[in-house]
Every structure is written in C-alpha cells, then in structure tokens.
Amino acid sequence: MNIILLGPPGAGKGTQAKILEDNRGMKQLSTGDMLRAEIAAETPLGIKVKGLMDAGSLVPDEVVVEMISNRIEQPDCAKGFILDGFPRTVVQAETLDKMLAAKNKKLGSVIQLVVDEDALLARIEKRAAESATVRADDNAEALKKRLAVYREQTAPIIPYYEAKGMLKKVDGMAAVNVVTDQIDKILG
Ligand code: AP5
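About the criteria used
Residues numbered from 1 in each chain as written. Predicted model: local features only at pLDDT ≥ 70, side-chain atom pairs only at ≥ 80, totals over all residues. Heavy atoms only, no water. Buried < 20%, exposed > 50% of the residue type's maximum accessible area, 1.4 Å probe, protein only. Helix = DSSP H or I, 4+ residues; strand = E, 2+ residues; numbered from the N terminus. Arc of directions from axis to C-beta. Contact = heavy atoms within 4.5 Å. Phe/Tyr/Trp six-rings, centres within 6.5 Å; stacked < 30°, edge-to-face > 60°. Polar contact = N/O pair within 3.5 Å; in protein donor to acceptor, adjacent residues only side chain to side chain. Pairing = 2+ DSSP bridges. Core = buried A, V, L, I, M, F, W, Y, C linked by side-chain atoms within 4.5 Å. Axes fitted to C-alpha atoms, helices over the stretch in contact; angles between N-to-C directions. Near = heavy atom within 4 Å.

**Overview of helix α3 (residues 44-55)**
Taken residue by residue, α3 has Gly-46, Val-49 and Met-53 as its buried positions. The arc enclosing the buried residues of α3, seen along the axis, measures out at 85 degrees, which places them on a common side. Exposed residues pointing more than 90 degrees away from the buried face of α3 are listed as Pro-44, Ile-47, Lys-48 and Gly-51. Elements that come into contact with the buried residues of α3 comprise α2 (31-40).

**Quick notes on the environment of Glu-162**
Topologically, Glu-162 is positioned in helix α8 (residues 157-163). Each C-alpha atom of the pair Glu-162 and Val-110 lies 9.0 Å from the other, and the pair is 52 residues apart in sequence. Not counting residues within four places of it along the chain, the set of residues in contact with Glu-162 comprises Leu-167 and Lys-169.

**Regarding the packing of aromatic side chains**
Here a ring pair, both rings aromatic, is described through the centre-centre distance and the interplanar angle of the planes. Summed over all chains, the structure comprises 1 aromatic pair. Note on Tyr-160 and Tyr-161: the rings are 5.1 Å apart at their centroids and 85 degrees apart in plane angle, and the pair reads as edge-to-face. The same class applies to Tyr-160 as to Tyr-161, namely buried.

**Some points on the environment of Arg-146**
Within the secondary structure, Arg-146 is located in helix α7 (residues 140-154). A residue is classified by how much of its surface remains accessible, and Arg-146, at 11% relative accessible area, is buried. Not counting the four nearest positions on each side in its chain, Arg-146 is found in contact with Pro-9, Gly-56, Ile-124, Arg-127, Arg-135, Asp-137 and Asp-138. Within polar-contact distance, the side chain of Arg-146 engages the side chain of Asp-138 at 3.1 Å.

**Description of the pairing of strand β3 (residues 81-84)**
Of the two faces of β3, the one lined by Phe-81 and Leu-83 and the one lined by Ile-82 and Asp-84 are each fully buried. Where strand β2 (residues 27-30) meets β3, 4 bridges bridge the pair, whose relative direction is parallel. When the bridges of β3 are listed, Leu-29 appears paired with Leu-83.

**Overview of the nonpolar core**
For soluble globular proteins, nonpolar side chains are generally found buried alongside one another. Ranked by internal contacts, the top residues of the largest apolar core, which has 32 residues, are Leu-96 and Tyr-161. Looking at this core, the elements that each hand over two or more residues are β1 (3-6), α2, α3, α4 (61-71), β3, α5 (90-102) and α8. Looking at which element gives the most residues to this core, the answer is α4, with 5 residues. Those residues in contact with Leu-96, other than ones at most four positions away along the chain, are Ile-4, Leu-83, Phe-86, Pro-87, Leu-107 and Tyr-161. Ala-17, Met-26, Ile-82 and Leu-143 belong to the second-largest nonpolar core, a separate cluster that totals 19 residues.

**A few points about the sheet that holds β2**
On the basis of which strands lie adjacent, the open sheet formed by 5 strands has the order β2-β3-β1-β4-β5 and parallel pairing. For this open sheet the edge positions go to β2 and β5 (167-171), each flanked by a neighbour on one side alone. This sheet shows a mean twist of 25 degrees between the axes of neighbouring strands, independent of strand direction. Of the pairings in the sheet, the one linking strand β4 (residues 110-114) to β5 comprises 5 bridges and is parallel in character. Looking across to β5, one finds that Gln-112 is bridged to Lys-169.

**With respect to the side chain of Asp-137**
Within the secondary structure layout, Asp-137 lies in the loop between α6 (120-130) and α7. Under the relative-accessibility criterion, Asp-137 is labelled buried at 8%. Reaching out from Asp-137, the side chain makes a polar contact with the side chain of Arg-135 at a distance of 3.0 Å. Those residues within four positions of Asp-137 in sequence are excluded, and the remaining contacts are Met-53, Asp-54, Ala-142, Leu-143 and Arg-146.

**Let's talk about the site of the ligand**
What surrounds the ligand is a group of 32 residues, the closest being Thr-15, Ser-57, Arg-88, Arg-127 and Arg-146. A distance of 3.0 Å is found between an oxygen atom of the ligand and a backbone nitrogen or oxygen belonging to Gly-12. Contact distances for the ligand include 2.7 Å between a nitrogen atom and a side-chain N or O atom of Thr-31. Of all the secondary-structure elements, those providing two or more residues to the shell around the ligand are α1 (13-24), α2, α6 and α9 (176-187).

In structure tokens:
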C-alpha cells in the first residue's frame, strides 16, 4: 500500500513513517531527509537548496518531483511507500497523480496528523536538544516561516484529497503509540 502522511512541521510524520516502516515493511520516503543528505554531501543540488531549506522555504517543485519519481521505482518500495513531506503544494499533488498513473501505481490513504500549532515549537526544540546533528531549520524563527509556508502552500492539498474521498484525519496530539493505533485502524 502507498500512503501519504500529511501535517505541519513537527506533527509526527517522520516518527510515524519510521514505525510503519518497521511494522509493515513499507518504505519511508522523506523528501526532507533526501534533501538534507544532498546538503551533507555538498552535491550541486544540496548547495542549490541549502539556503531555501535553512530559511524554512520550500525548494522548487521540480526538484522533489524528480526525486520521488526516481525513488518509488526502486525495489525497496515493492511493499509500498510512505510519502513523508511530499506532496507539499497542489502542483506536487497533481504531478504525483500523473506520475502514479504513468507508473501504474495507486495511492491508498492520505493521512492527516491534526495538531495544535502551539505545541509544535516545544516538539521541535525537544528534537533539537536530543539530536546529535541539529537541523538548521529547527529554531523558532525558521519554524515560524515553515508554519506560514504550510498554511499557505501545503494546507490547500487537504481539500484536494478530501474532494477525492481519500483524506483520513488522526489526532496527532495523542501519544505516539495512540497515533500509531489510529493509523493502523485506517490501514487495516
Ligand atoms: P521536512 O524534513 O519534511 O520537515 P517538516 O515537514 O518541517 O517536518 P519535520 O521533520 O520537522 O516534522 P515531522 O512531522 O516529521 O515530525 P517528527 O516525527 O520529526 O522538510 C524540511 C524542509 O525540506 C522544508 O522546509 C523544505 O525546505 C524542504 N522540503 C521537504 N519536502 C519538500 C517538498 N515536498 N517540496 C518542497 N520543499 C520540500 O516529530 C517532531 C518531534 O516531535 C520529534 O522530537 C518527535 O519525537 C516528537 N513527536 C512526534 N510525535 C509526537 C507525539 N504524538 N507526541 C509528542 N511528541 C511527538
């Protein structure tokens, strides 16, 4: 099964994607992780996107579309993939539909982690405090920008998937294991 995990920064997309990967053998495809790997390796792409990511802005649609298009064809996605952080704009969502149709693949659920924005700074600060490598965008200023970008550019994909009857909402403020239970119920 192929699914999308949707939600603002710190909603728990990566946390739940990793649990699904461990429990179900589905592959987590995090565009954020892929881009951070490009930055760490100082590739031309990494050098191009670093400033945008550090500031909390989105990278151009075509960059992430190409990454995902290449990635979903790999053998490790055979048991299904979890899109974590993609799509993030209506253009990306529309392109994903066309890409999947062309590759004869289907999307199951689009799972929205519904969270209280006021709790997200504390989550991000906790992650920064606990990580060996602190993300350049895990600070109050960049988070403010990331949340604004989410509201303006990503939230419009919620009605897009609602109109297709694919959107499922879970309470992302619940404990991690309770969120996992809610997702398990949706996936069956
Ligand atoms: P990306 O890496 O995707 O970051 P994000 O969406 O901002 O999400 P985060 O990784 O911060 O949060 P998360 O929801 O995964 O939460 P997590 O599970 O880690 O994107 C970064 C940047 O890359 C973008 O700003 C953009 O520049 C670029 N980019 C990426 N994709 C793009 C695209 N498609 N198009 C254009 N640009 C793109 O949890 C956070 C913390 O909360 C952790 O400490 C965790 O332990 C804790 N936590 C999780 N769940 C719970 C819970 N239920 N209760 C309590 N704590 C919890």
